[in-house]
Structure formats: structure tokens, C-alpha cells
Amino acid sequence: MTSRKEGLMTTWDSPLLRRATCPHCWHNFAPENVLWVSGHSDLLGDPRLGAEHQQRFLPTRFNLEGNALDSHGVTCMGLACPNCHLSVPRGLLEMEPFFVSILGAPGSGKSYLLSAMSWQLRQVLPRDFAISFQDADLQANAILNEYEQSLFLNAKREELVPLNGLIRKTEVEGQVDDSVKFGNQEVIYPRPFMFSLTVTEKHPNAEARQRLSRMLCLYDNAGEHFQPGMDDQRRQATRHLAQSRLLLFLFDPTQDQRFRDRLQRSSVLPPALFSGRQEVVLLETAARVRKLTNLAHSDKHRQPLLVLVTKHDVWASLLNMPQLREDPWKPTRKEIAAVDTELINECSNKIRRLILETCPEIVNAAEGFAQHVVYIPVSALGRKPAEMPGTGVWGIKPRNVEPLWATVPLIYGLCRSLQGVIPSLKAPSGDGRPSRGVHRQSKASAFGQGGK
Ligand SMILES: Nc1nc2c(ncn2[C@@H]2O[C@H](COP(=O)(O)OP(=O)(O)O)[C@@H](O)[C@H]2O)c(=O)[nH]1
Ligand SMILES: [Mg+2]
Ligand SMILES: [Zn+2]
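Rules of the game
Residues numbered from 1 in each chain as written. Chains lettered and ligands numbered in written order. Predicted model: local features only at pLDDT ≥ 70, side-chain atom pairs only at ≥ 80, totals over all residues. Heavy atoms only, no water. Phe/Tyr/Trp six-rings, centres within 6.5 Å; stacked < 30°, edge-to-face > 60°. Helix = DSSP H or I, 4+ residues; strand = E, 2+ residues; numbered from the N terminus. Buried < 20%, exposed > 50% of the residue type's maximum accessible area, 1.4 Å probe, protein only. Near = heavy atom within 4 Å. Polar contact = N/O pair within 3.5 Å; in protein donor to acceptor, adjacent residues only side chain to side chain. Areas by Shrake-Rupley, 256 points an atom, 1.4 Å probe, with all protein chains shown as cover. Nonpolar A, V, L, I, M, F, W, Y, C, P; charged D, E, K, R; others polar. Core = buried A, V, L, I, M, F, W, Y, C linked by side-chain atoms within 4.5 Å. Contact = heavy atoms within 4.5 Å. 1 Å grid on protein atoms, 1.4 Å probe; cavity = no way out; pocket = protein on both sides within 12 Å on 5 of 7 lines; lining within 4 Å. Points joined across faces, edges and corners; volume = space filled by probe spheres on them. Pairing = 2+ DSSP bridges.

Caption draft 1: Region of interest: the packing of aromatic side chains. Applying the stated criterion across every chain yields a total of eight aromatic pairs. Judged by centre distance (6.0 Å) and plane angle (75°), the ring pair of Trp36 and Phe62 falls under edge-to-face. Of this pair, Trp36 sits in strand 3 (residues 35-37) while Phe62 sits in the loop between strand 6 (56-57) and strand 7 (79-80), placing them 26 residues apart in sequence. By the burial criterion, Trp36 is buried, and Phe62 matches it.

Below, the structure is given as C-alpha cells:
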């Protein structure tokens, strides 16, 4: 008989972490204490998850591949958190997690952006940065895969499809979260999307693969979670904020009356979906992060806050930014591209000025909360949708969807927060500015200064 730790360690290729973190309940545990999901159909019914779920158990027997055998001798594949019993991918025991939270008012474009981002990251990360980016848990990512399919592989490519039919609204409860029973107490946890990020052989730091790999856990919140009072002991919808290495706040200018007034002078706009004040989400986030991390009011949050100004296709006329036609990174001599952080900062300054002029409370809320705030324009569609004749409904031909800067927030965030994975351009000697030629090779690149 093999011990649990040996069972896991001797047969799996990668070494295990000393401690793993559950992406559902944030419980920190030793990998050898991970539970297994029983395989035999008689072993149905788990005290935490309910009668229709397979029992979770601590195994004593393993097969030669290192998979546990349940009490009926059936080989098990799935793992689960020792605290909440929800399923966790195997990679979570081998890779440090990298938590990212996406926040924004209802309708600000979170689900669309997430779909565009993950669709494009699958291509851009391997191609430009020698990083493999894969679903860590197909079941957890199922909704996102469905969204990607609908936006980018739609069978009605040439037809004008109504926007609200392309992606369903993120539900408050049900499909995007899980209910767990601790005795009589029911707790609802958000369900993150999970991806494994690993450097490939072509990466300059390939030898540090294990240390640099990350389990990316992305939390898409129903905007409603951020209404004051929507998070309590029972509904732990936004506890991930305290763990997040990167906060992405989506600000949608097309839902702000002052922006709409400026835009309506020159064009017809899609209807606004939300009439509340968008900075409330940010203020509520700040209050929750302060409480969860014991952050004093005089201090600022130290993880970067990126303000993503969504639906650029609609408000592009307010700022002339030809830079957005290309992604802000360039090839280097080291096989992989390097991020032009200076170009991103220039864009950020321009956008900050525009928002400060039009709705200053967004800038004030962001900068009152976080130490590092960067403003990034994005568009999941990349092209302004059109009104469908005679219906008042707006739609787009899936063929025309071409996201703009959708991957920039995550790539820039990784470049800043995770040293050694994505380099940034270093200004060459001379005028101190990096060269701008997209096809020219840059003189030098440097890996970020971020933490581990
Ligand atoms: N013009 C434009 N509209 C968008 C874009 N992304 C989303 N939308 C629109 O905004 C609506 C809400 O987006 P969604 O991602 O569901 O918002 P969420 O509630 O924040 O998840 C969609 O139905 C689209 O009509 C974009 O990049 N450009
Ligand atoms: Mg949504
Ligand atoms: Zn857990």
C-alpha cells in the first residue's frame, strides 16, 4: 500500500506545492490532504454537496498511475477541496494560483470581454510569449467556452445576430456558483474559470517552468454581487477580492449619461442597459477589500487596479488613438515579445484625462482605493454594432467581431505582477524611448519587477 503523499508524488511528473489554495473557499491545505471524488455509482451523496454528488474521501489505496481507488475498488480521477468538497483541478496542487477578479456594473461588458480575452489568449500567449494557456477544468470553463463558441465560431457568421442573444446574462445564483452545506449553514461560493499558464521550452526562462507556472483563476461577477449588502456569511460572492493579484474594473462610458451626451451629438447609440452610478461598484469593492485585508483608510491597496474602459468601438470618436490597431508588444531577440509599457502608460494618461473631464468620480474612486491605477481601452467586438432594421435591437455579424486590446489587461497584469514570465520593453540608450516600429526587433527587454 502506498501512502497518500507517495501516491501523489511518485507517480505525477511535477513536484507538489507545499500548500495549495482552494479557488472556491480559499482554504489553504497540504496537497496530501486533498480529497478524491469517488467513482462507483453506489457511492453517491456527499454531506457538503448533497445527494446527487459523488462522495469525497481521503484515499488509502492507489493504482500504479497514482490515482486513488474508492472503497469499491473503482479508479478515481477527480480531486476535491478538503474544506468545501468542491472539485479542484490537479494542477492546483502543482502550480501557485494567480487570482484575478473582474468587476463592473451590470451590462458593462464583463462576459463579452472575458470571452474575447480567453479566446485570444489561447492564440497570443503561445505565439508571442511562449506560454501555454489551457483550460485547467473543462467543466468549470464550460460557460466561457460556450460564449467563445458563440462569438467566434458562430454558424450564423454572416447574419446580423442580436447582441443579447450571443451571450447569456450571468445569473446571480445557479450556473455560476456552488452551494455547500456546513452542517445547517449553507454557503454559496462563486465558480471561477481556471486556466493553467506554463512557460514552454521556447521561453527564455524555460528551466524555471515549475516556479513560474500559475493556475489562473478568473472570477466574473454578476454586477448584482456588488450591490451593497449582497455579500454576507451565506453568499461569499466577493471574498476573492482579498486574494486577487489583479483587479479589473470595467467602466462602460456608453452607460454614462455625460458620455452619451457627448457621443449623441455625432452618432446614434445602442440603448443604455444600466442607469446607476458605476463607481458604486468600485467603492463597494474598495470597502470590501479594506475590510477583508484590514487595510486602513489612509492606506491604499497594493495590487494593481486596471480600469478597463469598455466598448471602445462606440466611444472611439472621443479620442484619436491609432495605436490601438496593434497590440502593445513587439518581438525581441529572445524569441518572445516584450510589452511596451510606455505605450500603455501614454494611452492610460489620455484616457484618464478624458474620464476626469467627463465623470471625475470614477478616477477619484479608483485612485482613492489603489496605489497603481492604469486605464486601458478595450472592445470585445472591435466594431460598432448596428441597429437591426425596424426592431430597435442592436446586433452584429459574428464574422465582424475582432476584439481590440482584449488580451492587454491580463498580459500587462502578468508582466507587472509576475516576474520572469512576460518581459517589458526597456528603453534603448539614446533618446531613452523604445523604438516604435512594429516589425523591427527591439533592442532589449526586461522582466517585470513584480513579486513572486
Ligand atoms: N459596442 C459594444 N457593445 C458591447 C461590447 N461588449 C458588450 N457589449 C454590449 O453590452 C451588453 C452587456 O455585455 P455583457 O458582457 O453581458 O455585460 P456584463 O453584464 O457586464 O457581463 C452586451 O449584450 C452587448 O450588447 C463591446 O465591446 N462593444
Ligand atoms: Mg456577465
Ligand atoms: Zn474549498
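Continuing now.
Caption draft 2: Summary view of the site of ligand 1. Looking at ligand 1, there are 17 residues lining it, with Gly107, Lys110, Tyr112, Asp313 and Ala380 nearest. Contacts to ligand 1 include Gly109, whose backbone N or O atom sits 3.0 Å from an oxygen atom. Asp313 has a polar side-chain atom sitting 2.6 Å from a nitrogen atom of ligand 1. Protein coverage of the free-state accessible area of ligand 1, which is 580 Å², stands at 88%. Those elements giving two or more residues to the shell around ligand 1 turn out to be helix 2 (110-129) and helix 8 (312-315). Sorting elements by how many residues they give to the shell around ligand 1 places helix 2 first, with three residues. Partitioning the shell around ligand 1 into residue classes produces nine nonpolar, five polar and three charged.

Caption draft 3: Summary view of the nonpolar core. Among the nonpolar cores identified, the biggest contains 97 residues, and Phe129, Leu305, Ile376 and Ile422 are the most heavily contacted of them. Top element by residues in this core is helix 2. It accounts for nine residues. Beyond its immediate sequence surroundings of up to four residues, Ile376 is in contact with Leu306, Val307, Leu308, Val309, Ile344, Ile351, Trp405, Val408, Pro409 and Tyr412.

Caption draft 4: Summary view of the layout of surface pockets. By volume, the second largest pocket is sized at about 490 Å³. Taken together, 20 residues form the lining of the second largest pocket, with Arg56, Ser87, Asp137, Gln139 and Ala140 sitting closest to its centre.

Caption draft 5: Quick peek at the pairing of strand 16 (residues 246-251). Among the six residues of strand 16, six are classified as buried, and the element is accordingly described as predominantly covered. Taking every second residue as pointing to the same face, both faces of strand 16 are buried, with Leu246, Leu248 and Leu250 on one and Leu247, Phe249 and Phe251 on the other. Alignment of strand 9 (residues 96-104) against strand 16, held across five bridges, turns out to be parallel. Across the sheet, Ser101 pairs through a bridge with Leu247, a residue of strand 16. Across five bridges, the pairing between strand 16 and strand 17 (residues 305-309) is parallel. Each residue of the ladder has a partner; that of Leu250, found in strand 17, is Leu308.

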